[in-house]
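# A look at the structure
Residue strings, one per chain:
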Amino acid sequence: MWNFWYTNQSPSKNCTHAYLSPFPILRDEHNSTSYDSAIIYRGFWTVLMLLGVLSIVMASFFIICAAPFASHILYKAGGSFFIIAGVLFSLVVVMYVIWVQAMADLENYTNMKKMDCLDFAVYVRYGWSFMLAPIGVFFALLAGMLFLLVGRAIYLHSD
C-alpha cells in the first residue's frame, strides 16, 4: 500500500488546461491577489458588475411599480436604470477584452511554462457567455430607450 500511494509516483508532469491571469506570477507563488494592480483591476471589475446587476434589479422594480401606466416618472426612472446597466455591462465586457488581449503577457507566460512542460501552448478563446454579453448589453440599452419613450408618451397623453 505504501508503494502504491507514495513511492510509485510518476516523475513526469501532467499538462492540463488552465485559465490565464494577466497579472505577474512568481514561479513558486500562485497568489494572484498579492499584487496591487490585480486587486485594483478586479475591484473595479467586480464593482462595475455588481452595479450593473443592481441597476437591472432597480429598473425592473420601477417598471413593475409603473405597470398600470400610472406614473410616467417611474417608467423614465426604469428606462434610465436600464441604460445605466447597459453602459456598466459594456464597460465590464471591454475590461475583459483588455484583460485578455492587452494585459496578459502571453509570450513570457508561455516561456515560463515551457520550463515545466515542453509542449505547452496558449490558445485564447472566448466562451459562449462572452459572446452573449454584447447581446445582453444591446437589449438593456434597447429596453431603456423604449421605457423612456413609453414614459414620454404617457406624459404627453396624460393631459
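Note that the coordinates shown come from a computational prediction; the quantities given were computed from them, not determined experimentally. (Residues numbered from 1 in each chain as written. Predicted model: local features only at pLDDT ≥ 70, side-chain atom pairs only at ≥ 80, totals over all residues. Heavy atoms only, no water.)

## Looking at the overall build of the protein
Note the following rule: A run of H or I in DSSP becomes a helix once it reaches four residues, and a run of E becomes a strand once it reaches two; helices and strands are each numbered from the N terminus. To sort residues, take the accessible area from a 1.4 Å probe on protein chains only and compare it with the maximum for the residue type: under 20% means buried, over 50% means exposed, and anything in between is partly exposed. By definition, residues are in contact when any of their heavy atoms lie within 4.5 Å.
A count of helical and extended segments in the protein gives five helices and zero strands. Overall, the protein shows an N-to-C arrangement of helices and strands of α-α-α-α-α. In the protein, which comprises 159 residues, the proportion classed as buried is 24%. For the protein, restricting intrachain contacts to residue pairs at least 6 apart in sequence, the fraction spanning at least 24 positions comes to 68%.

## Here we look at the confidence of the model for the protein
Going by this rule: pLDDT is a residue-level measure of predictor confidence that goes from 0 to 100.
Scored by pLDDT, the protein has a mean of 80; 74% of the residues are at 70 or more. Across the protein, the secondary-structure element scoring lowest on mean pLDDT is helix α1 (residues 2-7), at 61, and the one scoring highest is helix α5 (residues 128-157), at 92.

## Observations regarding the packing of aromatic side chains
Note on aromatic pairs: each is described by the distance of the centres and the angle between the planes. Our working rule: Ring geometry is summarised as follows: Phe, Tyr and Trp rings, the Trp one being its six-membered ring, pair when their centres sit within 6.5 Å, and such pairs are stacked at plane angles under 30 degrees, edge-to-face over 60 and tilted between the two. Lysine NZ or arginine CZ positioned within 6 Å of the ring centre and within 35 degrees of the ring normal marks a charge as sitting over the ring.
Per the stated rule, a full pass over the model turns up seven aromatic pairs. Taken together, a centroid distance of 5.5 Å and an interplanar angle of 25° make the contact between phenylalanine 62 and phenylalanine 81 stacked. Linking phenylalanine 62 in helix α2 (residues 36-65) with phenylalanine 81 in helix α3 (residues 72-103), this pair joins segments that are 19 residues apart in sequence. Judged by relative accessible area, which is 18%, phenylalanine 62 ranks as buried. Relative accessible area serves as the criterion here: at 26%, phenylalanine 81 is assigned to the partly exposed category. Among the aromatic residues, ring-to-ring pairing joins Trp45, Tyr96 and Phe130 into one connected group. Note that lysine 76 overlies the ring of tyrosine 155, its terminal NZ or CZ placed 5.2 Å from the centroid.

## Concerning helix α4 (residues 106-114)
Threshold: The arc refers to the directions leading from the helix axis to the C-beta atoms.
Along α4, the positions that sit buried rather than exposed are Tyr109, Thr110 and Met112. In a view along the axis of α4, the buried residues occupy a sector of 165°, so they form one face of it.

## Some thoughts on α5
Defined as follows: Expected span of a helix: the number of residues minus one, times 1.5 Å.
Taking 1.5 Å per residue as the helical rise, α5 with its 30 residues ought to reach 44 Å, and the 43 Å between its terminal C-alpha atoms agrees with that figure. Residues Phe130, Val137, Ala140, Ala143, Gly144, Gly151 and Ile154 constitute the buried set of α5.

## Some points on the environment of valine 53
Inspection of the secondary structure assignment puts valine 53 in helix α2. The exposure class assigned to valine 53 is partly exposed, which follows from its relative accessible area of 43%. Taking the C-alpha atoms as reference, valine 53 lies 9.9 Å from glycine 86; in sequence the two are 33 residues apart.

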